[in-house]
Amino acid sequence: MSSTYARRIREVQPSATLAVDAKAKAMQAQGIDVVGFGAGEPDFNTPQHIVQAGVGALTTGDTRYGAKRGNELKEAIAAKLKRENGLEYGAEQIVVSSGAKHSLYNIYQVLVDEGDEVIIPAPYWVSYLEQARLAGGTPVILETTEESGFKIGPAQLEAAITPKSKLFIFNSPSNPTGAVYTPDEIRALAAVIEKHNLVTISDEIYEHLIYGEIEHLSMGSLSKKLLEELVITVNGVSKTFAMTGWRIGYAAGPKPIVAAIRKLQSHATSDPAAFCQAGACEALKNRRMSDEAVMSMREEFDERRKHIVQRLNALKGVSILEPLGAFYAFANVSGVFGRELGGVKIQSAMDFTNVALDKARVAVVPGEAFGSPRHVRLSYATSRELIDKGLDRLAELLG
Ligand SMILES: Cc1ncc(COP(=O)(O)O)c(C=O)c1O
């Protein structure tokens, strides 16, 4: 008898992230005071002017298929990509989806066939890998180290390319490491992509969360060929405008790819919720108010970043390469391996994570989920008080 479940779902790994999250939530439900560093989302509320635009859409009857502001949103995205990223896309080259995760899923589904190779630098955001598997693709992982700043180089990319290579996933700033590629590093990778006609997703969802000197550069802006044939830019409003629950993301890219995505989405989900599109439209068009909100969130994240890095480095057996973007601290806990903590011998990031949760009531995400078993990820998108409370507990655990 054939299996109840389709092969595509049998081959997807259950998420280690979700397992830890479920355990932390179960403890919280029992009244245990757990400090959570798991969430991959800003802890701020969506700015009020955006909320009002969403509410306004609902009260004025923007509640049907085909958001009233759907075209305006695509125009606003095209204008944003031109102004901020130097990307010249027409509105017809943009597909708005239910979050950037959905945009990525769509791209994999229209490009990747059984056996196609998808090149993914590690540490990676876990969905890159599982979405490749869901499409029948084979992930080809490019390892990086702290010495390379968790970044790949052009020779490493070129060496991974085979006749089966279908897609390369590029993410700067990175979840989970916070690594940010410099413009020169991006140019070097782009040269390889162009030479080998390697279709590339540039996931730029954290572009506005960069701290320090490095300027964000959009891969697709580097040449006509990259823009028109090779690069699909993925972005969204979740992280920049604290709108994770609105579920609005987008893909912009070569016309035939975008047309294929539209076809797929038309049969799967159609357009995202109308009032959410109205909110996203406001976020992108009311630049004065949005810029102010983005700037103040970034400043606060930066303060927390410096603080958490300093506190993590002070922990016995823990070290961290300073993250320069996003809102994650990716701490190396391999210095703790071999030690006994709370009666458990620590041999992996997963062990560390379990002990941190069971004994110190601190929830972190094990690096195994990101292809990096020596690290744990802490999101600092949480208040400074909670950062201190959690780090005090870890300090006590580690001695
Ligand atoms: C690297 C990266 N890309 C894409 C997403 C998806 O964001 P959303 O679906 O909320 O737009 C996330 C969210 O965690 C992410 O970390």
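Residues numbered from 1 in each chain as written. Predicted model: local features only at pLDDT ≥ 70, side-chain atom pairs only at ≥ 80, totals over all residues. Heavy atoms only, no water.

A few points about the sheet that holds strand β9 (residues 319–320)
Paired through backbone hydrogen bonds, the strands of a sheet run either parallel or antiparallel to each other.
Okay, so step 1: Strand order in the open sheet formed by 4 strands is β9-β10-β15-β14, and the pairing between neighbours is antiparallel. What marks the edges here is a single partner per strand, and that holds for β9 and β14 (365–366). (Pairing = 2+ DSSP bridges. Helix = DSSP H or I, 4+ residues; strand = E, 2+ residues; numbered from the N terminus.)

Describing the domain arrangement of the chain
Okay, so step 1: Assigned domains of the chain: these are domain 1 (7–45 + 291–398) and domain 2 (48–289).
Okay, so step 2: Relative to domain 2, the C-alpha centre of domain 1 lies at a distance of 26 Å.
Okay, so step 3: Interface area, domain 1 with domain 2, both sides summed: about 3000 Å², of which 57% is carbon and sulfur.
Okay, so step 4: In terms of surface lost to domain 2, no three residues of domain 1 exceed Leu321, Leu324 and Phe370, which account for 18% of the buried area on that side.
Okay, so step 5: Remark: the boundary between domain 1 and domain 2 carries 1 salt bridge. (Domains from an automatic or database assignment. Buried area = accessible area lost by both parts, 1.4 Å probe. Salt bridge = Lys/Arg side-chain N within 4 Å of Asp/Glu carboxyl O.)

Quick look at the site of the ligand
Okay, so step 1: Not every one of the 13 residues close to the ligand is listed here, only the nearest: Ala100, Asp203, Ser238, Lys239 and Arg247.
Okay, so step 2: Here Asp203 contributes a side-chain N or O atom positioned 2.6 Å from a nitrogen atom of the ligand.
Okay, so step 3: Between the ligand and Tyr206, the relevant distance is 2.8 Å, taken from an oxygen atom to a side-chain nitrogen or oxygen of the residue.
Okay, so step 4: Here the ligand loses 93% of its free accessible area of 390 Å² to cover by the protein chains.
Okay, so step 5: Class assignment of the residues belonging to the shell around the ligand gives a composition of 5 nonpolar, 4 polar and 4 charged. (Near = heavy atom within 4 Å. Polar contact = N/O pair within 3.5 Å; in protein donor to acceptor, adjacent residues only side chain to side chain. Areas by Shrake-Rupley, 256 points an atom, 1.4 Å probe, with all protein chains shown as cover. Nonpolar A, V, L, I, M, F, W, Y, C, P; charged D, E, K, R; others polar.)

Some points on the pairing of strand β10 (residues 328–332)
Each regular strand shows side chains that alternate between the opposite faces of the sheet.
Okay, so step 1: The element β10 is largely enclosed, with a buried count of 5 among its 5 residues.
Okay, so step 2: Side-chain alternation along β10 places Tyr328, Phe330 and Asn332 on one buried face and Ala329 and Ala331 on a second face that is also buried.
Okay, so step 3: Two elements, β9 and β10, share 2 bridges in a ladder whose sense is antiparallel. Considered in β10, the bridge of Ile320 is made with Ala331.
Okay, so step 4: Bridging between β10 and strand β15 (residues 375–379) involves 5 bridges; their strand directions are antiparallel. Bridge pairing in β15 links Asn332 to His375. (Buried < 20%, exposed > 50% of the residue type's maximum accessible area, 1.4 Å probe, protein only.)

Focus: helix α12 (residues 287–313)
Okay, so step 1: With 27 residues, α12 extends 38 Å between its outermost C-alpha atoms, agreeing within 8% with the 39 Å of an ideal straight helix rising 1.5 Å per residue.
Okay, so step 2: Those residues of α12 not exposed but buried are Ser290, Ala293, Val294, Met297, Phe301, Asp302, Arg304, Arg305, Ile308, Val309, Arg311 and Leu312.
Okay, so step 3: The inward-facing, buried residues of α12 contact α3 (48–59), α11 (274–285), β9, β10, β15 and α14 (384–398). (Expected span 1.5 Å × (residues − 1). Contact = heavy atoms within 4.5 Å.)

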